[in-house]
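Next come the chains, spelled out residue by residue.
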Amino acid sequence: MAHLRKTIVALSAAAMTSASALSATSSPEGMYRTFEANYKDMALATCIDTAYANNADVSKDAGSSVTAMREWTYYDLEKSPELITALVAKYLARDYTHPLVESEIKGVKFDFLKCLDLYHSQELDALTKKLVDHPTRTYMKNVKPH
């Protein structure tokens, strides 16, 4: 009986450790990232939302992610939406057609690749520097009430 009790205690301890590890990694991490990183992530999610607006599941998820990241980022709310929308439109309008790919996969637009290019662009870097207040701060360290 003592052996059974030790086994139950050990399994319970393991389960609690696993549960706490799971909950720590099952929450969004954006609140711990810098305002600068969140702004760029928000631009990427906006691009994906726009590019895949005809896919309800993708659009809903990307749009909801944008909403969450707005809570964890401090930026110029007046100028940003218009400027991000214009930058996204500019990148999605790029023509990435490739004859070899087109011959095998009809209608491929490479929209995801365009969004990645936007994410890594100097234009987004410049926009981030212009619009994000306190780029190195984070929501959890500098905003969330303790």
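The preceding data block contains the structure.
Keep in mind that what you see is a predicted model, and the values were worked out from it rather than measured. (Residues numbered from 1 in each chain as written. Predicted model: local features only at pLDDT ≥ 70, side-chain atom pairs only at ≥ 80, totals over all residues. Heavy atoms only, no water.)

Participant: Help me understand the overall build of the chain in this model?
Facilitator: In terms of helices and strands, the chain carries eight helices and zero strands. Listing the helices and strands of the chain from first to last along the sequence gives α-α-α-α-α-α-α-α. Taking as baseline every contact in the chain between residues at least 6 positions apart, the subset at least 24 positions apart corresponds to 78%. When the accessible area of the chain is evaluated, it comes to approximately 10,000 Å², of which 59% is carbon and sulfur surface. (Helix = DSSP H or I, 4+ residues; strand = E, 2+ residues; numbered from the N terminus. Contact = heavy atoms within 4.5 Å. Areas by Shrake-Rupley, 256 points an atom, 1.4 Å probe, with all protein chains shown as cover.)

Participant: I'm lost on the side chain of Ser 121 in this one. Help?
Facilitator: Structurally, Ser 121 is set in the loop between α6 (111-119) and α7 (122-131). Polar contacts involving the side chain of Ser 121 include one to the main-chain amide nitrogen of Leu 124, which spans 3.0 Å. (Polar contact = N/O pair within 3.5 Å; in protein donor to acceptor, adjacent residues only side chain to side chain.)

Participant: What is the right way to look at α6 in this model?
Facilitator: Spacing of three or four residues puts side chains on the same side of an α-helix, whose turn is 3.6 residues. Regarding α6, the residues found buried are Asp 111, Lys 114, Cys 115 and Leu 118. Down the axis of α6, the smallest arc covering the buried residues is 100 degrees, so these residues share one side. Structurally, α6 contributes buried residues whose contacts are with α2 (35-51), α4 (80-92) and α7. (Buried < 20%, exposed > 50% of the residue type's maximum accessible area, 1.4 Å probe, protein only. Arc of directions from axis to C-beta.)

Participant: So what exactly am I meant to see when it comes to unusual backbone geometry here?
Facilitator: Excluding glycine, residues mostly carry a negative phi; peptide bonds, for their part, are mostly trans. Phi is positive for Phe 110, which is not a glycine, with a value near 60 degrees. Inspection of the secondary structure assignment puts Phe 110 in the loop between α5 (99-104) and α6. If you check the backbone angles, His 134 has positive phi at about 55 degrees while not being a glycine.

Participant: Explain the pattern of salt bridges to me, please; I cannot follow it from the model alone.
Facilitator: Taken as a whole, this structure holds five salt bridges when the rule is applied. Among the salt bridges present, the one from Asp 125 reaches Lys 40, with a minimum N-O distance of 2.5 Å. Separated by 85 residues along the polypeptide, Asp 125 in helix α7 and Lys 40 in helix α2 bring together distant segments of the chain. In this structure Asp 125 comes out as partly exposed when scored by relative accessible area, which is 25%. For Lys 40, a relative accessible area of 15% corresponds to the buried category. For the salt bridge of Lys 109 with Asp 111, the shortest nitrogen-to-oxygen distance reads 3.6 Å. Residue Asp 111 is classed as buried on the basis of its relative accessible area, which comes to 8%. Bridged by salt links that share partners, the residues Lys 109, Asp 111 and Lys 114 form one connected network. (Salt bridge = Lys/Arg side-chain N within 4 Å of Asp/Glu carboxyl O.)

Participant: Which parts of the structure should I look at to understand the packing of α2 against α4?
Facilitator: The description of two helices packed together rests on the angle between their axes and the distance between the axes. Two elements in contact, α2 and α4, have axes whose closest approach is 10 Å; the angle formed by their N-to-C orientations is 55 degrees. Judged by the angle between their axes, α2 and α4 are oblique. Handedness of the α2/α4 crossing: right-handed. Here Tyr 39, Ala 43, Thr 46, Cys 47, Thr 50 and Ala 51 of α2 come into contact with α4, specifically with Ser 80, Ile 84, Val 88 and Leu 92. Residue composition of the contact of α2 with α4, grouped by class: seven nonpolar, three polar and no charged. (Axes fitted to C-alpha atoms, helices over the stretch in contact; angles between N-to-C directions. Parallel < 35°, antiparallel > 145°, perpendicular 65-115°, else oblique. Left-handed = near helix turned anticlockwise from the far one by under 90°. Nonpolar A, V, L, I, M, F, W, Y, C, P; charged D, E, K, R; others polar.)

Participant: Even after reading the chapter, I still don't get the environment of Arg 70, so can you show me in this structure?
Facilitator: Within the fold, Arg 70 resides in helix α3 (residues 56-71). Judged by its relative accessible area of 46%, Arg 70 falls in the partly exposed class.

Participant: What exactly am I supposed to notice about the packing of α2 against α3 here?
Facilitator: At a minimum axis separation of 8 Å, α2 and α3 run at an interaxial angle of 155 degrees. By the angle class used here, α2 and α3 are roughly antiparallel. In terms of crossing hand, the pair formed by α2 and α3 is left-handed. Contact residues: Asn 38, Asp 41, Met 42, Ala 45, Thr 46, Ile 48 and Asp 49 in α2; Val 58, Ser 59, Ala 62, Gly 63, Val 66, Met 69 and Arg 70 in α3. When grouped by side-chain class, the residues that make up the contact of α2 with α3 number seven nonpolar, four polar and three charged.

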